Amino acid sequence: MFDGLAFLGTSLAHFADPITLAYVAAATLLGLLIGALPGLTATMGVALMTTLTLKMQPEIALLVLVCTYVGAIYGGSRSAILLNIPGTPANAAACLDGYQLARQGLAGRAMGISTTGSVLGTLIGIVALALFTPVLGELALKFGAFEFFWLALFGVIISGTLTGDDALKGWLAGFLGLLVACVGQDSIHAYDRFSFGNRDLAGGFQLIPALVGAFGFAEVLSVLSERGARPRIHSFDSYLPRLRDVFQYWRTIIRSGIIGTFIGIVPGVGEDVASWSSYAAAKRASKEADKFGKGSVEGLMAAETGDNACVPGAMIPVLALQVPGSAPAAVLMAAMIIHGVQPGPMIMVNNPQFVYDVVAMMLYATLGILIFGLLLVRPLIKVLQVPREIIMPIVFVLCVIGSFAIAQRLFDVWTMIGFGILGYAMRQYNYPMAPFVLGIVLGDLLDKNLRRGLVLSDGDLTPFVTRPISALLCGICLLAIALNITAFRDGLARGWALLARPSRSK
Amino acid sequence: MSSRPTASADLAWSLIWIVFGAAVFYGAWTMDRLTALNINPYTAPGLVPGALSIGLIVLGIVLLVRSFRPQRYGGATPMQVATPRLLLALALCLAYGVGLVGRGLPFWLTTALFVFASILVFRWPEHRVNGTLVRGAITALLCAVGTAAGVTVVFQEVFLVRLP
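The rules behind these values
- Residues take numbers from 1 onward in each chain, read along the sequence in its written order.
- Ligands are numbered from 1 and chains lettered from A, in the order in which they are written.
- Given that the model is predicted, a residue must reach a pLDDT of at least 70 before its local features are reported, and side-chain atom pairs must reach 80 or more before they are shown or counted; all residues, however, enter totals for whole chains, interfaces and linings.
- The secondary structure listing takes helices from DSSP runs of H or I that are at least 4 residues long and strands from runs of E that are at least 2 residues long, numbered from the N terminus.
- Radius of gyration: over C-alpha atoms. The globule rule applied is 2.2 Å multiplied by the number of residues raised to the 0.38 power.
- Residues with at least 20 neighbouring C-beta atoms inside 10 Å of their own are called buried, those with 12 or fewer are called exposed, and the rest are partly exposed, where every C-beta is derived from the backbone.
- Each residue gets a C-beta atom placed from its backbone, and two residues are in contact if those atoms lie within 7 Å.
- Expected span, for any helix, means 1.5 Å times one less than how many residues it has.
- Domains are outlined according to an automatic or database domain assignment.
- Residues were grouped as follows: Ala, Val, Leu, Ile, Met, Phe, Trp, Tyr, Cys and Pro as nonpolar; Asp, Glu, Lys and Arg as charged; and all remaining residues, including Gly, as polar.
- For helices, the axis comes from a line fit to the C-alpha atoms of the stretch in contact; other axes are also lines fit to C-alpha atoms, and the angle between any two N-to-C directions lies between 0 and 180 degrees.
- Working definition: roughly parallel below 35 degrees, roughly antiparallel above 145 degrees, roughly perpendicular at 65 to 115 degrees, and oblique for all remaining angles.
- Rotating anticlockwise by less than a right angle from the far helix to the near helix defines a left-handed crossing, while the corresponding clockwise rotation defines a right-handed one.
- As used throughout, a nonpolar core is a set of buried Ala, Val, Leu, Ile, Met, Phe, Trp, Tyr and Cys residues joined through C-beta atoms within 7 Å of each other.

1. A look at the overall build of chain A
Reasoning step 1: Broken down by element type, chain A carries 24 helices and two strands.
Reasoning step 2: In terms of C-alpha radius of gyration, chain A reaches 22 Å, essentially the compact-globule figure of 23 Å for 506 residues.
Reasoning step 3: Oriented by its inertia axes, the alpha-carbon framework of chain A measures out at about 75 × 70 × 55 Å.
Reasoning step 4: For chain A, the proportion of its 506 residues judged to be buried stands at 61%.
Reasoning step 5: Put simply, 79% of the contacts in chain A that link residues at least 6 apart link residues at least 24 apart.

Structure (C-alpha cells):
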C-alpha cells in the first residue's frame, strides 16, 4: 500500500516538468479534437499517434498516447451533445440526453455535466487501476499455458458477444483476427506460415498498420462515401460544471464509475459497452426514469462517467495480463511493446514503477480534460464545423505515412490499405471490429499456449478444463456461447418459469 | 444508410467464411510438420491454424443455416451505400497509396495532388450549388500545400523518416 503511494509520488514528480506538461497539454488537446470530430475514433487517434511518436523517448511517447486516449473519449461527447453525432462510438449513449438538453437550450449545462462525469469517471477508474493492477498481476503469476490459452479465447468470445448486436458475427470476426495473427513465422519453430514464399508476408502483418487500416482507412471510406450535411449547432448557456449535479447524482456517478471500470477490465469490450451499461443501470435505478432520452441530466452523467471510467479500467488487464480491455488499449499495448516495455504478469516484479507511471499519466490527462473542457468550448465548436471532406483526405495521408514510418517499407502501407478495405466491408455487414482487433493481438498468446499446454500434458486435454482458473474461463466461454443459442435460452427461460411458479402460488 | 444487412448478404458471407476456412484448413493440413527436425507433434506449426479454421467453418455453417431463416433472425432491409462516392474514394485512395507513393514521384508532390483532388472532388457538389467553385479550388489548393509541407517537415525533418 505505502510502496504504491511512494511509486505514485515518484511518477507524479517525474512527469511534473514544464516540457512534459506541455506534451500532456498538446496530446490531451489533440485527443479532444480527434474525439470531437465525428469519424475520428479514439482507436484511430491512438494508432496514428503511435506512428508519430516512434522516435520519442518511451515514457514521453506513452504519455502522449495515454493523454490522446483519455482526451478522445472525453472529446467525443462534444459532437454527441452539439450535433447528435457521437464523436467516438463510446459517446453514442451521450447523444440520447445530451442532444435533447442542447435542443432545450441547455447545451452548456450538458457540456458541464459531460466534463464532470468524465473527470470523476476517470478518477474512479484510476483508483481501481492503482489498486487492482498489482492484485491481478499477482494472481496472473499463477497462470500457466492452459490459463493463458483460455484467457486469449475468453477475450475473443466475450468481445464478440458484447461488442456488436450479433454475437455470431463477433465470433467470426474474432476468429479471423486469430487467423491473421498466424500469418508469418510461428513463435516456436520460426516456420513460415501462409507466406507463399513472400519475404514480407514471412514477417507477418504488423499490428499498427493493420489497426490504422481497420480503424483509420475504413473510417475514411465510410465518411467519404456518405454525403454529409453541414452541422447546425444550437445556442447554449453556461458550460461551467455545477457542484449541485455532483451531490445530487453521487450514487449514479459511483455506480457508473464502478460499472465502467469493471467493463474496462473485461478483455476487448471497451467504452461503448461501458457507456450503454452505465446508462441502462442508471435508468433502472432512477426515480426519474421517464426523463431518460428526453434530456435527463442523470442519464448523460451516467453515460459519460461510465465510458471514461472504462479507460483506466481497460489498462488494468493490459498491464497485469498483457490482454487489452478495449480496442484503443490494444493499440497502446502494441505501442508499449514497440517502445520496449513488456506488460504482463511479470510487470509488478520487473518494472512496478511503470504501473504507477501509467496511473500518473492518466491523472495528468484527467487534469488536461478538465482544463480544456472548461477553456476551449467555443474554439472546439469552430473545429466541429470544418467539413469532413477536408479532414478525411488529410487523415488518409497520415494513415499512409504513419504506416510507412514504422519500418519504412511499402508493404506496411499495402497492409493498411488491405485491412482498411476488409474492415470497411465487414462493418457494412455488422461485423464488429473490436473482436477482430483483439484476435490479431491475442493470436500469438493463444497459438503459443495451446501448443505448450498440449506438450506439457502430452496431448491430454483434461488439464485445459480441470485446473480451477481454466475451468472458470472455459465455463464462462461456453455459457456466453450457449446464451446465444435460441433453444438453450428458451429452455432456460422455461426452466426459470417452472421454478418461479410454485413460489408465486404461495 | 441502413445498417441491417440482407439475408442474402449473410448467405454470401457464410459461403466466404466456409470456403476461406476450408482453404486455411487445407493449408494447415499440408503444412510441413517438421518431422525431419524430430519436434514434438503437438507443436506442429499447422496445429493452431487448423483448429481455428475448423472453428471458422463451424461458425460459417451456423451463419449459412441462419440465413435461410431470416424471419427468425431479422435482416430484411437491404444495404444502401452511396456507391459512386465510395468508388471514387476508393479509387483516389488506391491511386495515391498504391499507385503513386513510392513509385518515383516526390512524396510531397503526390500528397499535394491527392489532397487537392480529393477535397475538390468531394466538395464539388456543394460548391457548384453555392456558386463558389473558385473559392473551393483555392481552399483545396491551400489544404493540399499545407498538408504536403506539414507532413514532409514533421516526418522528414523532425522524426527523421526517409519518405517514400
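Next comes the rest of the account.
2. Things to note about helix α6 (residues 133-158) of chain B
Structural remark: α-helix, 3.6 residues per turn; residues separated by three or four positions point the same way.
Reasoning step 1: For α6(B), with 26 residues, the first-to-last C-alpha span of 36 Å sits near the 38 Å given by 1.5 Å per residue.
Reasoning step 2: Every buried residue belonging to α6(B) is among B:Ala140, B:Cys143, B:Ala144, B:Thr147, B:Ala148, B:Val151 and B:Phe155, and all of these are buried.
Reasoning step 3: On its buried face, α6(B) is in contact with α19 (388-407) of chain A together with α5 (107-130) of chain B.
Reasoning step 4: B:Leu160 lies just past α6(B) and shows a positive phi near 55°.

3. What about the domain arrangement of chain B?
Reasoning step 1: Taken domain by domain, chain B holds domain 1 (7-73) and domain 2 (83-158).
Reasoning step 2: Relative placement of domain 1 of chain B and domain 2 of chain B: their C-alpha centres are 41 Å apart.

4. Regarding the interface of chain A and chain B
Reasoning step 1: With 47 residues of chain A in contact, the opposing surface of chain B contributes 54 residues.
Reasoning step 2: The greatest single-element share of the side of chain A that touches chain B, amounting to ten residues, is contributed by α19(A).
Reasoning step 3: Among the residues making up the side of chain A that touches chain B, the classes are represented as 33 nonpolar, six polar and eight charged.

5. With respect to the packing of helix α4 (residues 58-83) of chain A against helix α6 (residues 107-140) of chain A
All names here are of chain A.
Reasoning step 1: Two numbers describe how α4 lies on α6: the axes approach to 10 Å, and their chain directions differ by 160°. By the angle between their axes, α4 is roughly antiparallel relative to α6. Both α4 and α6 take part in a crossing whose hand is right-handed. Contacts between α4 and α6 involve Val70, Tyr74, Ser77, Arg78, Ile81 and Leu82 on the former and, on the latter, Ala107, Ala110, Met111, Ser114, Ser118 and Thr122.
Reasoning step 2: When its residues are assigned to classes, the contact of α4 with α6 shows seven nonpolar, four polar and one charged.

6. Brief notes about the environment of A:Ala365
Reasoning step 1: By the secondary structure assignment, A:Ala365 is in helix α17 (residues 352-375).
Reasoning step 2: For the pair A:Ala365 and A:Ala27, spaced 338 residues apart in the sequence, the C-alpha separation amounts to 8.6 Å.

7. Some remarks on the nonpolar core
Reasoning step 1: Formed by 210 residues in total, the largest nonpolar core has its most connected members in A:Val66 and A:Val437.
Reasoning step 2: Counting residues domain by domain, this core receives three or more from each of domain 1 (7-73) and domain 2 (83-158) of chain B.
Reasoning step 3: Not counting residues within four places of it along the chain, the set of residues in contact with A:Val437 comprises A:Gly177, A:Leu211, A:Ala214, A:Ala327 and A:Ala330.

8. What about the packing of α6(A) against helix α14 (residues 297-321) of chain A?
All names here are of chain A.
Reasoning step 1: Two elements in contact, α6 and α14, have axes separated by 6 Å at closest approach and are oriented at 25°. As judged from the angle between their axes, α6 and α14 are roughly parallel. When the axes of α6 and α14 are compared, the crossing they make is right-handed.
Reasoning step 2: Along the lines of polarity and charge, the residues of the contact of α6 with α14 split into 22 nonpolar, twelve polar and one charged.

9. Some thoughts on unusual backbone geometry
Residues and elements named next belong to chain A.
Reasoning step 1: Unusually for a residue other than glycine, Ala190 sits at a positive phi of about 55°.
Reasoning step 2: Among the secondary structure elements, Ala190 is positioned in the loop between β1 (184-185) and β2 (192-193).
Reasoning step 3: Phi at Gln322 takes a positive value of approximately 60°, unusual for a residue other than glycine.
Reasoning step 4: Along the polypeptide, Gln322 turns up in the loop between α14 and α15 (327-338).

10. Remarks on the environment of A:Met361
Residues and elements named next belong to chain A.
Reasoning step 1: Counting through the fold element by element, Met361 comes out in helix α17.
Reasoning step 2: Between the alpha carbons of Met361 and Cys67 there is a distance of 7.1 Å; along the sequence they are 294 residues apart.
Reasoning step 3: When sequence neighbours within four positions are dropped, the list of residues in contact with Met361 reads Leu62, Leu63, Val66 and Cys67.

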